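Spelled out, the chains give:
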Amino acid sequence: MPSYQLGSDVLLLTVDQESQGLHIHSPVWEGLHIGPVISALRVDGTEVHPESMQVEGGTEGGSDCLVLHSSCQPVPVSMVQRFTIAEHGGLLLQIELRNDSGRQVCLNHVALLRSEASQQGATRFGLSPKRVRIFDQGRHWARVRGLTEAAGSKSSEGEADALLPVRGASELCWVAYDSDSRNALLVGFTTSERWLGHVAIECSPDGTVTEWSVEFDGGDVLLQPGEGVALEEVLFLAGEDPYCLLEQYADIVKVKHGVELPPTPVTWCSWYPYRLGVTDERVLANARIAKERLQPLGFSTLLVDLGWEEEWLPCVFKENDQFPQGFAGLSEKLRELGLQLGAWSAPCTISALDPLSRDHPEWLLGSAEEKPLTRGQWFWEPHGDIYCLDTTHPGAQEWLRQNIRSLAERGIRYLKPDFFGGVLDGALRERHDKSIVAGGGCEAARIGMKILLEEMRAADPEALVLNCGGPDLPGSHQFPLLYTCADTGNTGYVGWKHLREDYGKNVAGHLFKQGRWGVLQPSCLCVGLPGTLEEARLRATATFLTGGQVDISDDLTTLPEDRWEVLLATLPPLSLPARPVDLFEPVGVISTAYEAMCRGEDKEGQELPTREESCVWHLPVSGGWDQWDLVALFNYEESPRDGGGACQITRFVVPFDRLHLDPETPYWIYEFWSGQFIGTIPGGADNPRGYVHPGDTQRLLATQSKGVLDVSFFGPGIKLLVIRPARPHPWVLGTSFHQSGGVELRDVAWDDQRNALRGTLCRPSGQRGYISVADSGREIARAEVNGRSVTPRRGSNGAVFLPVITEEDHTEWEVGWA
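The structure presented is a predicted model; accordingly, all values stated were derived computationally and were not measured. (Residues numbered from 1 in each chain as written. Predicted model: local features only at pLDDT ≥ 70, side-chain atom pairs only at ≥ 80, totals over all residues. Heavy atoms only, no water.)

A.B. asks: Looking at this model, I keep getting lost on the confidence of the model for the protein chain. Mind explaining?
C.D. replies: Atom-level detail of predicted coordinates should not be read off regions where pLDDT is low. Mean pLDDT over the protein chain stands at 94; residues scoring 70 or higher make up 97%. pLDDT under 50 marks residues 151–162. Its contacts with residues more than four places away, or in other chains, come to 13 contacts. (pLDDT = per-residue confidence, 0-100. Contact = heavy atoms within 4.5 Å.)

Pasting the structure below:
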């Protein structure tokens, strides 16, 4: 029997009609081979496989396609698989099922594609498994790991060095990157209306792929006789840059679902400063300060988190005595300040202490053995068991609708429905309407999302809803704001390891979604005490370079001025995400010992083990008057110590080509947080005879090597570098006002006739800071701000610092040279 092929210059699909196996491979990537793979179902608890297949070729929408018609047994189900050439030379898989059994059947599980167990080793993602890196992600987490990363795990019985299979599963999208050949494959679901797709892989310790599948939980949905259903669609993309594949995938999904995004919001959340101690007076006190200091920078809304509900129960919608005027009175007072009120709620998390759980147990999800099914203990007071609302039940739907409508009527214009992902819990399969997917899928969650959006936007079409745990792939009734990591926690307490996991892995792995799937919220931004100033700066940098919502969660009534400087420099958001340069391909990180440097030994340092997190984020910026690059270097590690107890400094070595910088071009580098003009690279003064000593690192640049950014500093800490092409005349390096490095400036221009540099600073009145200018040591003749003479000062490497106190929203400035 014949075989059939469909493909492009990067991906090929081969169908062997005789064996009914499918193979995916690439004409440009020898190490890629997936197959043979088949489709498999579990229906009524029985494994169901295709037993006959007919293949036909053709075109669809102007693209070549292959259509596979299969009949499955032992439960009679027919399947149509349609493969089409997609954008960027990818493959799109669409599948339809039909129940041909003549009776109602229950769909338990679907493997759209699954490697056959008898063909272990046939599926591979590179010729050397140890050089393959895997991207996995979920709604609040992400990671890039080695294919064999977990191969040192011990068995549950604890046998020494017993090696277990390496297993991993990713929600919605998955990437394999072969770092030897510099090729990557992305597998991503483009829809998630009813089911929640996963890509799963299992390997032996040596990297042999033993199982690989594209699958989802069927949710025990009932199919009537003759009923046909469209399953979720899957896209395959291949290319040289794995992060570019993520961006292409996100763009395709955005266009498919017509995603429209609101302006990037700046908000305040009561949780970290007050938790359950929040009151209406505390909210108003913060609002008065926010109006004065934050509203001119885009601030709009104060959200009351958990603590406002009667008895502090997560699913109650009546205010307690901490809010004697109620939300209606509080929202009115905020409106008088030109601000809006938001509220936290966990509308699908029902406490056992709530009368609802006793009065309407039929409104709660369960399992075959227990209904309602307890899903743990509520962490906060008053604790107690919790259940999950069954949004397939008309009574539960109406209860939800009435309560969300009530919040909107009381003036709530921003809703944070937390723990919404509970409805997706695969254990919660027992529900009212079994034709709707609840536990294990997305359909019931999207019903709840529809109710929330309709009621909030009936009151205000511009009302905002934050997606906290619901399906984040765009689709019907999608929330515009996406909570994208674990809670950031109060400063000081959670530690640098937590920040590394949250920013370096979770947020870094989701940056490709910003502006495509929604407006990302990297949890709350806390910059206040008791944490250090350096921690505040790192949190602010990660939030700013995410490009999404800034959700401030400090007590503004006690925030020190040095922390206000950090906060104000983060506003307004740019709405543009940085690129995690080292997410898939780590950069060099070197440690140099103090004593060895003093002795003139170990000049090159020792390369540190590959870091699991992304430490280098890059964002090209255009300010209208200039274009430049932001590069953030995140160091989450306590500095290691040498044998004598002295700290070892950490060096980040980033080749220019990783930053898309020209190695032949000289650049000026300015560090934002310290205001240090680092100098020109390549360039600078080297010591005689190649001498190296610890004092060299005061200038941050470890070497002046051409085409390499080589920066040394102690951790934990952050360096935010503003990189501009060097000019033959004086030019702006950056300012102290905004992390962007110059978006806050307008009309910057060099006047060669007058030998002067001028521009306009756009910041609210009352701010104090400086504009930094490189001038190669020329003699300054004059300096003016708003027509008044000021005295500039010289800083590092001869930079000029022009002091500015803003009196209006637009401040004119000029510096002239002799």
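Having seen the model, we can carry on.
A.B. asks: Can you help me understand the pattern of salt bridges in this one?
C.D. replies: Oppositely charged side chains can form a pair if their charged atoms are brought close together. On inspection of all chains with the given rule, the structure shows 46 salt bridges. A salt bridge links R139 to E171; the nearest nitrogen and oxygen atoms lie 2.9 Å apart. With R139 in the loop between β11 (132–137) and β12 (142–146) and E171 in strand β13 (residues 166–171), the pair connects residues that are 32 residues apart, well separated along the chain. E171 carries the same exposure label as R139, and that label is buried. With a shortest N-O distance of 2.8 Å, D220 and R429 are connected by a salt bridge. With D220 in strand β17 (residues 209–223) and R429 in the loop between β25 (412–417) and α7 (443–459), the pair connects residues that are 209 residues apart, well separated along the chain. For D220, a relative accessible area of 18% puts it in the buried group. (Salt bridge = Lys/Arg side-chain N within 4 Å of Asp/Glu carboxyl O. Helix = DSSP H or I, 4+ residues; strand = E, 2+ residues; numbered from the N terminus. Buried < 20%, exposed > 50% of the residue type's maximum accessible area, 1.4 Å probe, protein only.)

A.B. asks: How should the sheet that holds strand β21 (residues 299–304) be read in this particular structure?
C.D. replies: Hydrogen bonds between backbone groups are what pair the strands of a sheet, and the pairing can be parallel or antiparallel. The strand order across the open sheet formed by eight strands is β28-β27-β26-β25-β22-β21-β20-β29, and the pairing between neighbours is parallel. The open sheet has two free edges, formed respectively by β28 (519–521) and β29 (550–552), since each of these has just one partner strand. Along the sheet, successive strands turn relative to each other by an average axial angle of 25 degrees, direction set aside. Pairing analysis gives three bridges linking strand β20 (residues 266–269) to β29, with the strands arranged parallel. Along β29, the bridge assignment pairs W268 with I552. Seen against the sheet, helix α3 (residues 280–293) touches β20 and β21 and runs at an angle of roughly 170 degrees to β21. The sheet contacts of α7 involve β25 and β26 (464–467), and relative to β25 the element is tilted by about 165 degrees. (Pairing = 2+ DSSP bridges. Axes fitted to C-alpha atoms, helices over the stretch in contact; angles between N-to-C directions.)

A.B. asks: Would you explain the sheet that holds strand β37 (residues 676–681) in this entry?
C.D. replies: The sheet built from six strands is open, its strands ordered β30-β33-β34-β39-β36-β37 with antiparallel pairing. Of all the strands in the sheet, the pair left with one neighbour each is β30 (579–580) and β37. Bridge analysis of strand β33 (residues 616–622) against strand β34 (residues 627–635) gives seven bridges, and the strand direction is antiparallel. Bridging across to β34, H618 finds its partner in V631. Along the sheet face, helix α9 (residues 533–546) touches β33, β34 and β39 (717–725) and points at about 50 degrees away from the line of β39.

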